[in-house]
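Per-entry structural report
So you can see what is in the structure, the chains are spelled out below.
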Amino acid sequence: MTAVIIKGTEVYNPEKGGAVDLSILDVQQIFGRAGRPQFDSSGEATLITSYDAYQRYITKLVRAVPIESNFIKQLPDHLNAEIVGGTVSTIQEAVQWLGYTYLHIRMLGNPLAYGIKPEEKNDDPTLVSRRRELIVHAAKHLSATKMIAYAQASGNLSAREMGRTAAHFYVQSESVATFNDQMGSNKNLSNASLVHTIASASEFQNMKVRQEELEELEKIAGNCPLEIRGAGLDDGGRGLVTSATDKAFLLIQAYISKERITSFTLISDVNYISANAGRIARALFEMCLKQGDAGSAMKLLRIAKSVDNRIWWFQTPLRQFEGEIRDNALLHLEKAVSSEYSGLASVTSLLDLHPNEVGSLCHWHKGGEKVQSLIRMLPQFEVDCRVLPVTGSILKFHVTLTPTFVWHGRWHGGGQSFWFWIENTESKRIYHHEQFTLTKAKSASSFAIDAMAPIFGESGQFVVKIISDSWVGVEQVVPISIEESQLPRQDEVLTKLQDLTPLPTSALQNAAYEKLYPFHAFNPIQTQLFHVLYHTDSPVLLGAPTGSGKTIVAELALLRLKKLRPSSICVYIAPLKALARERLKDWQRRLGAPPLNWNVLELSGDTHHDLSRLERSDVLICTPEKWDLLSRGWRGFQTGGAVKEKSFVKRVGLLVIDEVHLLGEERGAVLEAIVSRTRFISRTLQQSKGPKDEEETRIVGLSTSLANAVDLGAWIGIETESMSSSNRQGLFNFSQYVRPIPIAVHVQGFSGKHYCPRMATMNKPCYAAIKDYAPTKPTLIFVASRRQTRLTAIDLISYAASDEQPMSFLDCSQDYIESVAENIRDESLRHTLTFGIGLHHAGLTSADREVVERLFLEGRIRVLVATATLAWGLNLPGRLCIVKGTEYFDGKSSRYVDYPLTDVLQMIGRAGRPGFDTQAFAVVMATEDKKNFYKKFLYTSFPVESCLQDKLCENINAEIASGTISTTVDALGYLSWTFFARRVKANPSYYGAKSSDDDDVEEFLFSTVKDTLAQLDESGCIVTQLNDDTAQVKSTSLSIAAASYYLSHRTPKQMQFGVKEGRRIVLNYLEEETNSKVSDSLKTSLSSFERSPRIDEVASGWLLYTLCSTHEFDEHPVRHNEEHLNEELSRSLMWGPDMTMLLSGRRSYNIEIFQDPHTKCFLLLQAYLQRAKLPITDYVNDTMSVVDNVPRLLAAMEYIACQDKEQPGSFELLTQFSRTRQFVATKSTPQSDPVLLLVGAPEFTVNKQKNSNHITSLREIRAMPRATAVNTISQLTRLNKKRVDVAITSLFRLPLVNLNKCAVSHHVDKATGKAVGKLEMHLQMERQRDKADNEVSLTILLGSYHQKMLLGQSSIRIDRSGKFDVVRTVEFDWNRANADGGAEGGRMIIRLLFDNIRGLDAEMLISLT
């Protein structure tokens, strides 16, 4: 038997301020410990208590009493939490919520205990009125404390910042009311006043001031740095600490100061203080921060950190290295250098001293070096702030932070959090604040933060503050000077929309053109522009809101071009591939069909066309990057032929740039290069044909409303200087409010530091917005990621189901939608479609996307949740558009950043499409701190600034490679064509120029050119020669590679190193193989080329690793916690995170490598080749983005390798490039057998059968007669007849190449005097090509016999079916081929390699004699 004794039932509760009795539940819980199950048959419990409590315990133990609810006491706090969480948004919802509580159950069961009369219960059995009364009373209380906004007329409840902070930090509403009273409008409270405010919180008001504590409290007061008001003793010897607030005020300081307390009750109270004071200080800090009160926010953060660390803010930060420095040394150090608020600056000044001097200062002679090493661990940054004037009243601050401290796991852990804000020192107002976390992986690199602030007249000085969230005394204050910043002039020109009669389509005066349009008249904007577009060749810039019919404006210019110059080409630049596809489908349907029959082609990263098709085209639809790459080679590259001259570029008569305002975004540098080059080409062609007014190429720019339309218009060729603002022909800049369908925009703010929970809180408001604005009309919801599309749709379904209307978004029969859903491949989309909600993102197949678009367009589903990037490519009607979150994950900075305003406007513009709606609504859901920003600036036109400066190296390099630039004077001339040069003149401070004076602008541009050329020289792209006052520049092969393959100027040098190492690796492994198979198996007739899988694996692995390590993948996203997924994935892959495993056979790597984007790319590429399972669905899109770039990067690296063809091993390395392309194209590894790709048979079976049948390659099977091949495949795979037939069909669709004749000759080149060999090959091709089969590329390589040097190369494109002959002549270095022909001399190797098919490669040894 086990006995339990309760000796006394009084316990001290600091929250209540005294001793309280144990509850009966606690007593019963303790009694339950008597008697051990399975050991005892009975138990005994004894309760020893006071006489007063005895009868109460006996009664409750003998007679069970229902437990009553205490929920009413804190109803306002709980209601506030539900409002903040999004559960409750109206009084009615709050009444319903209260019905789910235990309070409601007890009110029904025991109404008298809650003040409910029997007649009230009879009249209202469910107590709805009583619940409403309680809710309304609580809502009024919360509204009075500024925690919520309560609209009594409508009953709507919405959270305010004060309430959000209180809910987050669990602060009672009574405390918030106290804070409001004590702080009020006073923005200059002292530290003592703020600590007193914290002590005034209702959480501490139950503390009691006892007579026996007064003596110790007096002692504590004497040791506290902050004096209590009226501290001391009165005449009667009684302490003046008379309130709970005074006691808490002293105990907070005692806790920070680590005072030794002897009183038991005070010890309990201090423990209670320690658990709550920091939380309340943090809550007050965030309240002040969000109100913009800089002074109070800074002081409260110091207090909160002092409570957390038990170190005063005026003490040295080195105290946080507990146990590392002696106490007396810290005291001497504080006396010598410390000041009240400059602890960090004071201790860092010790780094300028010798360690012995530091030891002397702190009276610890041997500790000087240790003190300095600890100082270097204090978190601090090197801060560089650029002031960028945006308008005459708005400044943009571009702050670059570089961590300068030493990271130590013991002191810094996995990450350190910091507060960043920009403050006006005169008004003490915070204009921007944010919190960021620094991890060890990011502690070695710089990162940037952008912020905006308004200026009003003579504003005071701005400062940037970076404050550690945890380290006491670690604060940096960096003053920002704005005196030297020259504010740009305000030159916004708006075009008035004329009251014109809509122009009929018959004004086109062309029956074929009129049939293009289903309507009878153009809209007002199109009518106003018609004459300039259709009857002149003037350049046009149109700024108008989304949905204004800008596409038809572009078409009018296109129709004029083809009417007057039928052979000219129109180039349409779409910002995204999605928009390019949409435009292609529309124009192919309308312009590519009779009667016009124009040849419309798309050029993007997903499409490839040969030059002949481009020459025959009428309209080219391109992404900016694709046209930039194509137009770079408009007259051939300087060094002779990396890219042939593209004559079709000179035939471009019209360049249409859609969304030209993106010039100011990250990809804007590409658009700027396109227009600048187009105007340069146009002017060059114009001058070659004699003087004429118009340039050869007309430019039409389409945009939203612009603040600096005049600058942009002048840049594209519009005459803006000699005419008045009312007569600028071609310049049309309409207000944002001029749109065919009026729109009402609502901005909602949401709290929450973390992205995913904040997105979840937006789902219910999304559902409410649909019910309010578009209950039976289409709704578009834009989110930032594919995962969010799925989560948003699922939550919308659940909310509809809770309203007992699960099919409210569906407008068709259930049978019909289920039949459609059966053919959907994406599982999430298949589920959501049956409820009337579609998903739209890049991860869907094209077939799935087309189904979703069709259902939404037909109105069968009413809600479409799409990723924000597709806002540019979606042209679907929607009464309501919801922007759910204005942030996206930026891979470059590895954090969530805001969308550009242009993107938000683009999403909003999808609401209310002409021809579908008569009214439109938009809801923008942003973080609470961005709510006012969007309200103020959403329809404020910001000037478009140039982004060319960051990409100037790539653009200057491209012009040098093409021969446009050969001197610094040429480079300056090129810059004069750019928008960058115009904006430097208009807004010099934004770009770093001294002023807008001509001399200062010229000096700045010259300095920019000089720095750019120096960077290109350093990266090996150019060679600079100084001649007199100017410098001659000449491109190198690395320059050609960067320009031809669209690389960063730093990438080719990395590739050059990879090529050098690749040659060494291949040669080493060939030498290690005894009795080289290549040498022994070489035949004088064409035979299969086989290479050791080990060589293939190491060489291809190195090439792919080199590509993944280049700067091209610097910005590949590694999201939060993905480093753990990368590590897990690496364990299942063949090579691991780097080349260590492949080269040495052991896995040895630093765990931090998995946070590197290049490592992730290498892992994804391996998983693609192995067809391995990816850990999450986000990796699927990531993999495709990597794989899509591999062919281009391999081609660039191959081009660089070809420049060193005289190096030993170059022939073998070039062979490996083709082999690597084969692995990528077939998604296979070097260890897998090519036969498996054909038939899918088990590997062990195929290998066993191949060995027994003496078959070494797939080419041998392909060369067999069909009947023999059938038997061979059957023997190899043991497949049934049906599967064998499928395999044979696939086999004979592969090309077979045979060499019918081969002739070698040579001659002496008269120009160079070198002997040139010529190999003439007569090849017979055989292929049973299906229409679905792609073209095949065959590479011919000639290599020297001994040192494996590359002698020559050529390629053949196989795009025909049947048997046909091809004659190809390849030239090579005759003397080198003979000199390196081996012991017998006069021999070389020929290899025929396919780029995307494995197992069909062939080689032979050929004699030169």
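My aim in this report is to walk through the structure given alongside it, one point at a time. (Residues numbered from 1 in each chain as written. Predicted model: local features only at pLDDT ≥ 70, side-chain atom pairs only at ≥ 80, totals over all residues. Heavy atoms only, no water.)

**Some details on the overall build of the protein chain**
For the protein chain, the helix and strand inventory stands at 55 helices and 38 strands. Taking 35 Å as the expected radius of gyration for a compact globule of 1409 residues, we find that the protein chain reaches 38 Å, a close match to that expectation. Dimensions along the principal axes, computed over C-alpha positions, put the protein chain at roughly 125 × 85 × 80 Å. Out of the 1409 residues belonging to the protein chain, those deemed buried represent 54%. Once local pairs closer than 6 in sequence are excluded, the contacts in the protein chain between residues at least 24 apart make up 71%. Taken as a whole, the protein chain presents about 62400 Å² of accessible surface, with 49% of it coming from carbon and sulfur. (Helix = DSSP H or I, 4+ residues; strand = E, 2+ residues; numbered from the N terminus. Rg over C-alpha atoms; globule rule 2.2 N^0.38 Å. Buried < 20%, exposed > 50% of the residue type's maximum accessible area, 1.4 Å probe, protein only. Contact = heavy atoms within 4.5 Å. Areas by Shrake-Rupley, 256 points an atom, 1.4 Å probe, with all protein chains shown as cover.)

**Focus: the sheet that holds strand 35 (residues 1350-1358)**
Pairing within the open sheet is antiparallel, and its five strands lie in the order 31-38-37-34-35. At either end of the open sheet lies a strand with only one pairing partner, and these are strand 31 (1087-1088) and strand 35. Two elements, strand 31 and strand 38 (residues 1402-1407), share two bridges in a ladder whose sense is antiparallel. What sits directly across from S1087, in strand 38, is E1403. (Pairing = 2+ DSSP bridges.)

**Digging into the pairing of strand 13 (residues 475-480)**
Pairing of strand 12 (residues 462-468) with strand 13, which is carried by six bridges, proceeds in the antiparallel orientation. Looking at strand 13, one finds that I466 is bridged to Q476. Between strand 12 and strand 13, which pair antiparallel and follow one another directly, the connecting turn spans six residues, one of which, G473, has a positive phi of 80 degrees.

**What about helix 38 (residues 979-986)?**
Across the eight residues of helix 38, six count as buried, placing the element largely inside the fold. Residues F979, F980, A981, R983, V984 and A986 constitute the buried set of helix 38.

**Quick look at the side chain of T536**
Among the structural elements, T536 can be located in the loop between helix 21 (524-535) and strand 14 (540-543). With a relative accessible area of 13%, T536 lands in the buried category. From its side chain, T536 meets the backbone oxygen of V532 in a polar contact 2.5 Å long. If near-sequence neighbours (up to four positions away) are discounted, T536 is found in contact with H531, R560, R698 and Q729. (Polar contact = N/O pair within 3.5 Å; in protein donor to acceptor, adjacent residues only side chain to side chain.)

**Topic: the side chain of D1096**
Tracing the backbone shows D1096 in helix 44 (residues 1093-1108). By relative accessible area, D1096 is classed as buried at 3%. At 3.0 Å, the side chain of D1096 and the side chain of Q1216 are in polar contact. Among the polar contacts listed, one links the side chain of D1096 to the side chain of R1219, at a separation of 2.9 Å. In this view, D1096 contacts R1091, G1101, Q1216, R1219, F1223 and P1230; residues no more than four positions away in its chain are not counted.

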